Structures are given as structure tokens and as C-alpha cells.
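The primary structure of each chain is shown beneath.
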Amino acid sequence: MDRVSSFDEPLKKLLGGATAKVMAEHLDLHTVGDLLHHYPRRYEERGKLTALADLPLDEHVTVVAQVADARILMFNNGRGKRLEVTLTDGSGRLQLVFFGHGVHKPHKELLPGRQAMFAGKVSVFNRKMQLAHPTYQLLDASDADEATEAVDAFAGRLLPIYPACKQLDSWRIAKAVDAVLPSAQDAVDPLPASLREGRGFTPLPEALLKVHRPQTKADVEDAKARLKWDEAFVLQVALARRRYADTQLPAVARRPVAYGLLDAFDAKLPFTLTEGQEKVSKEIFDDLATEHPMHRLLQGEVGSGKTMVALRAMLTVVDAGGQAAMLAPTEVLAQQHHRSITEMMGELAEGGMLGGSDRGTKVVLLTGSMGMAARRQALLDLVTGEAGIVIGTHALIEDKVQFHDLGLVVVDEQHRFGVEQRDALRSKGKQPPHLLVMTATPIPRTVAMTVFGDLETSVLDQLPAGRSPIASHVVPAKDKPHFLARAWERVREEVENGHQAYVVCPRIGDDAEEAEGKKGKAKKKAAEEDPEKRPPLAVLEIADELRKGALAGLSVEVLHGRMHPDEKDDVMRRFAAGDVDVLVATTVIEVGVNVPNATAMVIMDADRFGVSQLHQLRGRVGRGSAPGLCLLVSEAHEASPARARLSAVAATLDGFELSRIDLEQRREGDVLGQAQSGVRSSLRMLTVIDDEEVIAAAREEAVAVVAADPELEHLPELRTVLAALLDKDREEYLDKG
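Because the structure is a prediction, the values reported are computed rather than measured.

> Could you give an account of the overall build of the protein, naming the residues involved and the relevant values?
Within the protein one finds 27 helices and 21 strands. In the protein, which comprises 737 residues, the share counted as buried stands at 53%. Excluding contacts between residues fewer than 6 apart, the proportion of contacts in the protein whose partners are at least 24 apart in sequence is 74%. Here the protein displays about 33,400 Å² of accessible surface, and carbon together with sulfur accounts for 52% of that area.

Structure representation (C-alpha cells):
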């Protein structure tokens, strides 16, 4: 059998159809290689041998004893079966119990007089010590030496506990692993020999054996160190090759021009840029001046001035004769960017118009809901090059949209765009345009190195002068209803002081399902019985309650995704102008809405939002000179993880710290899962949060390997392993849409 094919062998050949089917459907394991990389989640230590008289409660023990008697009992009107076995070892007695389908085998094997070893967790039932469903091994009483050896091996061993599913428990997976373990010898080792030896790693076949069947804890550590490295290294090589391939693409260099748009814009700025903005701008300008496409991720706290940095990059490209497109995830945000950019540029955004600057350019908006005439004009301005800057939603990607010379694409809130969309926009340039991706979601360094590993990263971590601190508090609505009443009083006080407020809810309301149908009634009943099951609070209901109650007399408006775009824009405009006191909204306001006069935010059912999302939402207040206030309203129990999460958000304004907490709570499967648009994470041993050193070191090695041998011609094993990792889905994940 050649070296690769034993790993590619379908499981049904070795394990039989039924087991293979469950593994494929419930655990996404299809081949021998998949199963060998399905690592134990943890290991049970079978206790040293314990006499029945000395059994400790709630601990894992191993006992050697003789079966005194065994009987099957029926319960549940004969529908259920239970096998009860009584053991004795001369010092005491112990009961074993097996249920359901698990009774057949032990019933045949555990006959009175048989001696065996049993391992399990000691519990108490009806005031008697018992082991439920213990694992056991029969001993052959005829050979005393052999029995002693078997006892030693059984009692001292580390038992692997595998990620399992209802249809297939851990020990059956362990049995299946035993069947494929000989194939570990055929593992293709991706690490170059010099690297493996230099870092003193265990050979891969040995690491696989040790991780599945360790003799000692040191075996486990050895195996983990090796397997983590493989994952980090292979992933980083894939990303380094992606970056290398990008450097081979041609692009038009866009160099700054003296006395152009950028200089005119800088000259009229009413403030100086922060040190961070200057530094990041320089990194971007250096990238734009090269003849291969920039691929840069710009991450910065809410309000750190990312839009300003992006706009200066766009103006540089216009100065150099190109066009720049900014892609926003929603129409509200596209309109918001268009408004703030035209305001920042003033007459410079009116190139070719009466009263516009002779150095100016046209800044056009293109969204799906524009009227035909405005749309036709915008398309015309793009194809003639009249418009240097276009801001839009994914409507920009449609076939009809043609550019005169697209030089730069700025993508706002990257995680909301798919790969295909990014590629479609790129293909609109004569040569690939430069790409700047912006996100206000702080990304821990390790996640940036894995999920966004094909992008160079710039970080804006200081807030511009003039931003005010935000005080955050958790409001336990259930335990202390008077706190909620006080929250609404605080909102009223802010409005009386001339400010405005947001109230954020997880849901819009008036869903079709909530019509008083059977489902609606059933949900209501369930919610009354268990508050956890009540639907999240809704914008329309809360707005209604506030108008009639706590905020009566104030101007309260709603904003949500189902409204007509013109309606949304009208509400946003009136809120920005100060005509609306309180805006009750869904998370459509999460990204990019900028109203400096809004100082207070009340987030209802705050425990239903993620940490990063709460941080994003909170960033909408405190954008002016007055301090901000964010109240996190929750009915979650004080001791619950949800409340712990809210307390963490209330305790710090540092987005990077919060993204770390978020990652620790959700683990990276979630983070990478989202980033990979549903593709199963290829990380099985590596945890992005704990293994920063491993990832950083692997990245360095990977960069060196790819620089020396971009096609990996001298590393066929690494090429083989990469090909297996980079099936179609993973290619797309690495393309990082």
C-alpha cells in the first residue's frame, strides 16, 4: 500500500458500514487519516487498584474483584432492562449497573465466579456504592503471573476520552482507532527534516501512537507539542504561499503626488492626525507605491479614525490617476460613509461641479435601492472616470458596474463579505487593484495570524483627541427591577441635558410567527414557564412601551433592517440632526453610525449579544465631548456565564482585552468557524488562544521555507499534506472572504 493511500482509505472498509456512516454523519470523519487526527479530548487516569472496602466517592477507581451474582431486572413496564452485578473481593461488596443495550455483552461475560478488572466512577444509589457502566477486562484465573501483569497494565493506563456523539460513545471510537492505528506508520510527515531535528520533535507516526495510546503523561505532552506544530506550520505555509503568490501579481503603483487632492485635504483638516494614523498611513502609502497589490488589514478600535486613514489612501490613488471604491456591508453604513466623507472633503468632493474645487473629484454613492436616474448618472461617472471615489454596498460588484481605472478597494467590516464578492470587485480593475480591509472588531494577534494570515496587519490603537470615556454598568432587571427604572431616568436626564440616546434590542418584532397562531401560543406558554425560553426583546414592542411609559413625552423613533432604505435614511438623518431624542434600534447601528451628540445607550437583553458585538455597539456613544454611558440590561442569573461576560464588558474599554475574553469563552472553533464560512476548522490540537508562541514561531519558519522554495519542490511531503488541507473549501477559507 503506498504511503498516502492508507490514510485516504475509506473508514467503511475497515470498520463496517454502520459505524462508518455514523462517523461520517455525526463526526465528519470519512477516512483513516480523519480518524487518526480525531484526537482524544482528555484522558481519564484509571486509579491505582483500590480495595472494595476503601472506595472513595466521586473518584475514578480500578478494582479487581469476583462476580458474586448477576441479574437482569425489568422496569418501565418491561420496556427497560437493567443488569445488576454484585462484586466481592474479600474486603467488601460493590454493585455494578448496566442499562439498555449496554446489558447484553456483560450479561454473557460477567458470570458468577468470573474474575475481572473494573474501572469507573464511584457513585451512591439507594445508599449503596455503585459503578454505572464501568469498563472491564476479564482475567484468566489459570495463569496468576499473566493476571498480575494484565492488572498492572489495566490499572495504570491513561484512558483516552474522545469527542463523541450520542450515536457513538468514546470507547467505541477508541476501538475504531485501535483498528486504524497500524496505519499511523504511513503518516506523511510535513515538517522538513532540518526543522524537525532542529526543534527535537517526535517523529509523526510515534506522535500519533502516543496521542491515542499514551503510556505516561509525558507521552501526551510529547505528542501534543508535535501535532500542534504540524497544524500551525502547515496552515502558516499555506498562508505564506498565498502572500507570496500575491506579491507575484502585477499592480499599478499609485504614488503620492505633491500639491494634489491629498495635500489640499490635509491642509483643511481642523485637527492633526494621531501618531498612530500617521504611522499606519505611511505603511499604506508604501504598499500603494509598489507594483504588486497591497493586501492590508487595518484594525482599529471603534472611533480610532480608520475612515480618515482609508480616505487619505483613496485620495492618494485619485491623485495618481486611479479610482477608489469603498464597500460597506449595509445601505445605512454606505450612506453614512458617503455623508461623512463628503462632509470631510467639503468642496474637494465636488470636482467638475459649480463651486467645486479645481483639484476636487466626484464622490458618488451606489446602492441597490437608488432611483434609476441617480443610478445611471453614478454608473456614467464611474466609467468616464469623472468620479474618483465611489461608496456602495455589494451593488458595486454587479456586472453592469464598470470603472475607468480601479486602483484601490477598501472593504469595511471584512467579516461580512464573502470571497466571491471580493474577487468580483478585484476583477473590475485592468490589473488587480490594491486592497485595504478595515475592521473595528479587535482581533487578537494569534487570530490575525491565522484567520487573516494572508493580509499584512496595521493596528490603530489610540483614540483621537476629543473622544470621551464611556461608563458601562450591568443592570440586573430581574433581581433589581428598580435599577431598570433608574436606567430610564438616566436616559431622560441625558435628553434634558440636550443629548440623545440609543436603545438596542436583539429583535425587530411583529414576526409572522408571532401572529397568534399555535406556534405563537406555544412559545408564549413555554416562556411563561421558563423565562430562559422567552423570545428576545423586540424593537417595536420596547419602543411602544417607552412612548407610553418611562419615556413618554420624548421623541422616540425606531430603526431596523426591514424598513425601506429611504425611511431608514430619513430616521438616521433626523437623529443626526437632533430632531429625535431616543432611537430604538436593532444592531443595524452596530457599525459606523456616528452621532456625537448621542451619549447614552441602553442594550436590552444584553446577554443575547456577543462580547465583541457589545463593544461595537457601545462605541456608538461618547463620540463627542460629553462622556458616554452604556447600560447593559439583563435578566440572566448573577452566577451565569452570560452575566460574567457582561461584567467583563462593563469592566474594560480595551477591545483587544475583550476579544481575548471572548475567544477564551467561545474557544476558537467558533471564531474560526465563522471566519471559515462554515468549513470545519482544520485546527484540532492547536488552540488559537493558548498557543501564541507556537503560531508565531511556525509563521517565522513558514515564511523562511516559502521564501527559499515557493513551489515546495524540495518538500514533496509538505506539498502532499498541503494539498489534503487545501481542498476546495479550505482554499476559500484561506482566501478569507
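> I'd like to hear about the pairing of strand 10 (residues 323–327), residue by residue, with values.
The element strand 10 is extensively covered by neighbouring structure, given that 5 of its 5 residues are classed as buried. With burial as the criterion, each face of strand 10 is covered, one bearing Gln323, Ala325 and Leu327 and the other bearing Ala324 and Met326. Bridge count for strand 10 against strand 13 (residues 406–412) is 5 bridges, and the pairing is parallel. Bridge pairing in strand 13 places Met326 opposite Val410.

> Any chance you could break down the pattern of salt bridges for me, citing the residues and the numbers?
Using the criterion set out here, one finds 34 salt bridges in the structure. A salt bridge links Lys362 to Asp381, with the shortest nitrogen-to-oxygen separation between them at 3.0 Å. In this pair, Lys362 is assigned in strand 11 (residues 362–366) and Asp381 in helix 15 (residues 372–384), connecting sequence segments 19 residues apart. Taken as a pair, Lys362 and Asp381 share a single burial class, namely buried.

> Hey, could you go over the sheet that holds strand 12 (residues 387–392) for me, with residue numbers and the actual values?
A sheet is described by the order of its strands in space; here 7 strands give the open sequence 11-12-10-13-14-9-15, paired in parallel fashion. Strands with a single pairing partner mark the edges of an open sheet, and in this sheet they are strand 11 and strand 15 (456–460). In this sheet, neighbouring strand axes are inclined to one another by 20 degrees on average, regardless of whether the strands run parallel or antiparallel. The sheet contacts of helix 12 (residues 275–288) involve strand 9 (295–300), strand 13, strand 14 (434–439) and strand 15, and relative to strand 15 the element is tilted by about 155 degrees.

> Can you lay out the nonpolar core for me, pointing to particular residues and giving the numbers?
Judged by nonpolar contacts, the single largest core of 57 residues is most densely connected at Val582, Val584 and Ile603. If you look at the next biggest cluster of nonpolar residues, it comprises 39 residues, including Leu262, Ala310, Met326 and Ala334.

> Explain helix 21 (residues 565–576) to me, using residue names and the numbers behind them.
If you check helix 21, its first and last C-alpha atoms are 16 Å apart, about what 12 residues at 1.5 Å a residue would give, namely 16 Å. Buried positions along helix 21 lie against helix 14 (331–345), strand 17 (500–504), strand 18 (556–559), strand 19 (582–585) and strand 20 (598–603). At the exit of helix 21 stands Gly578, carrying a positive phi of roughly 90 degrees.

> Describe the packing of helix 9 (residues 204–212) against helix 10 (residues 217–248), listing the residues and the values that go with them.
Relative placement of two packed helices is described by the angle separating their axes and the distance separating the axes. Two numbers describe how helix 9 lies on helix 10: the axes approach to 8 Å, and their chain directions differ by 125 degrees. The orientation of helix 9 relative to helix 10 falls into the category oblique. The handedness of the crossing between helix 9 and helix 10 comes out as left-handed. Contacts from Leu204, Ala207, Leu208, Lys210 and Val211 in helix 9 reach Asp219, Asp222, Ala223, Arg226, Leu227 and Asp230 in helix 10. Among the residues making up the contact of helix 9 with helix 10, the classes are represented as 6 nonpolar, no polar and 5 charged.

> Mind laying out the environment of Ala232, listing which residues take part and the relevant values?
Structurally, Ala232 can be placed in helix 10. You can call Ala232 buried: its relative accessible area is 2%. On a C-alpha basis, the gap between Ala232 and Leu686 in space is 7.1 Å, while along the polypeptide they are 454 residues apart. The residues touching Ala232, leaving out its near neighbours within four places in the chain, are Leu686, Val694, Ile695 and Ala698.

> Can you tell me about the packing of helix 14 against helix 21, naming the residues and giving the values?
Contact geometry for helix 14 and helix 21: axes closest at 10 Å, N-to-C directions at 50 degrees. Looking at the two axes, helix 14 sits oblique to helix 21. The crossing of helix 14 and helix 21 is right-handed. Taken together, the residues of helix 21 that come into contact with helix 14 (itself represented by Glu331, Val332, Gln335, Gln336 and Arg339) are Pro565, Lys568, Asp569, Met572 and Arg573.

> Break down the confidence of the model for the protein for me, with residues and values.
Within the protein, residue pLDDT values average 81, and 82% of them lie at 70 or more. Of all the helices and strands in the protein, helix 27 (residues 728–735) carries the lowest mean pLDDT, 46, while strand 17 carries the highest, 94. In the predicted structure, residues 728–737 sits below a pLDDT of 50 and forms 38 contacts with residues beyond four places in sequence or in another chain.

> An account of the packing of aromatic side chains is requested, with residue identities and associated values reported.
Inspection of every chain in the model, using the stated rule, returns 6 aromatic pairs. Ring geometry for Phe75 versus Phe99: centroids 6.4 Å apart, planes at 90 degrees, classification edge-to-face. With a gap of 24 residues between them, Phe75 in strand 2 (residues 60–75) and Phe99 in strand 4 (residues 93–99) connect regions that are remote in the sequence. Assessed through its relative accessible area of 32%, Phe75 is described here as partly exposed. A residue is classified by how much of its surface remains accessible, and Phe99, at 37% relative accessible area, is partly exposed. Ring centres 6.4 Å apart and planes at 85 degrees place the aromatic pair Phe98 and Tyr136 in the edge-to-face group. Of this pair, Phe98 sits in strand 4 while Tyr136 is found in strand 7 (residues 135–138), placing the two residues 38 residues apart along the sequence. Each member of the pair, Phe98 as well as Tyr136, carries the same accessibility label: buried. One aromatic cluster is present, built from ring pairs that chain together Phe98, Phe118 and Tyr136.

> Talk me through unusual backbone geometry; I want residue IDs and the actual numbers.
Phi is positive for Asn126, which is not a glycine, with a value near 50 degrees. Given the relative accessible area of 63%, Asn126 is considered exposed. Residues other than glycine seldom take positive phi values, yet Arg127 does so here, at roughly 60 degrees. On the secondary structure map, Arg127 appears in the loop between strand 5 (115–125) and strand 6 (128–132). For Arg127, a relative accessible area of 84% puts it in the exposed group.

> Provide a residue-level description of a nonpolar patch on the surface, including the pertinent values.
Taken together, the side chains of Leu57, Val124 and Met129 present a nonpolar region at the surface, about 240 Å² in accessible area. On the secondary structure map, Leu57 appears in the loop between strand 1 (42–45) and strand 2.

Analysis parameters
- Residues numbered from 1 in each chain as written.
- Predicted model: local features only at pLDDT ≥ 70, side-chain atom pairs only at ≥ 80, totals over all residues.
- Heavy atoms only, no water.
- Helix = DSSP H or I, 4+ residues; strand = E, 2+ residues; numbered from the N terminus.
- Buried < 20%, exposed > 50% of the residue type's maximum accessible area, 1.4 Å probe, protein only.
- Contact = heavy atoms within 4.5 Å.
- Areas by Shrake-Rupley, 256 points an atom, 1.4 Å probe, with all protein chains shown as cover.
- Pairing = 2+ DSSP bridges.
- Salt bridge = Lys/Arg side-chain N within 4 Å of Asp/Glu carboxyl O.
- Axes fitted to C-alpha atoms, helices over the stretch in contact; angles between N-to-C directions.
- Core = buried A, V, L, I, M, F, W, Y, C linked by side-chain atoms within 4.5 Å.
- Expected span 1.5 Å × (residues − 1).
- Parallel < 35°, antiparallel > 145°, perpendicular 65-115°, else oblique.
- Left-handed = near helix turned anticlockwise from the far one by under 90°.
- Nonpolar A, V, L, I, M, F, W, Y, C, P; charged D, E, K, R; others polar.
- pLDDT = per-residue confidence, 0-100.
- Phe/Tyr/Trp six-rings, centres within 6.5 Å; stacked < 30°, edge-to-face > 60°.
- Patch = residues over 30% accessible without salt bridge, like charges linked within 9 Å, V, L, I, M, F, W, Y side chains within 5 Å.

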